[in-house]
Amino acid sequence: MSTADRGELPLPDYDELSVGTLEHRIRELSAEDLTQLLHYEHEHADRPMVVQVITARKHLLDQGVTPSGGDPGA
């Protein structure tokens, strides 16, 4: 995924989100969306805390947790 693909991310303002905000916003995303964010993160900033938060949420979804209505305004 190149920088030009930023607009195709499931969270259009992803690059501006803090880790705390990201934790709330990703609750509504599917495992596929989280995989896309992880790929993007690894190719760009590769922030350890962001990778950890997304990976933990993806792990929960892989275990059967369903996406919930995260706080989009968080």
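Heads up: the structure comes first, above all this text.
So, here is what we can say about the structure in this document. (Residues numbered from 1 in each chain as written. Predicted model: local features only at pLDDT ≥ 70, side-chain atom pairs only at ≥ 80, totals over all residues. Heavy atoms only, no water.)

**As for the nonpolar core**
For the record, the criterion: Side-chain atoms within 4.5 Å are what join buried Ala, Val, Leu, Ile, Met, Phe, Trp, Tyr and Cys residues into a set we call a nonpolar core. Only protein chains enter the accessibility calculation, which uses a 1.4 Å probe. A residue is then buried if its area is under 20% of the maximum for its type, exposed if over 50%, and partly exposed in between. Think of it this way: any DSSP run of H or I at least four residues long counts as a helix, any run of E at least two long counts as a strand, and we number them from the N terminus. Any two residues whose heavy atoms approach within 4.5 Å at even a single point are treated as in contact.
Ranked by internal contacts, the top residues of the largest apolar core, which has 17 residues, are Leu11, Tyr14, Leu22, Ile26, Leu37 and Ile54. Elements with a contribution of two residues or more to this core: helix H2 (31-43) and helix H3 (48-62). Beyond its immediate stretch of four places on either side in the chain, leucine 37 contacts Leu9, Pro10, Leu11, Tyr14, Ile26, Leu29 and Ile54.

**Brief notes about H3**
Short version of the rule: Expected helix span is taken as 1.5 Å per residue step, with the number of steps being one fewer than the number of residues. Of all possible arcs, the one meant is that of the directions from the helix axis to the C-beta atoms.
Taking 1.5 Å of rise per residue, the 15 residues of H3 would be expected to cover 21 Å, and the 21 Å separating its terminal C-alpha atoms lies within 8% of that figure. Taken together, the buried positions of H3 are occupied by Val50, Val51, Val53, Ile54, Arg57, Lys58 and Leu61. When H3 is viewed along its axis, its buried side chains cluster within an angular range of 165° and face the same direction. Seen from the open side of H3, the exposed residues pointing more than 90 degrees away from its buried face are Pro48 and Asp62. Close packing links the buried residues of H3 with helix H1 (19-25) and H2. Positive phi appears at glycine 64, one or two residues downstream of H3, with a value of about 115°.

Read these as spatial facts, not as claims about activity.
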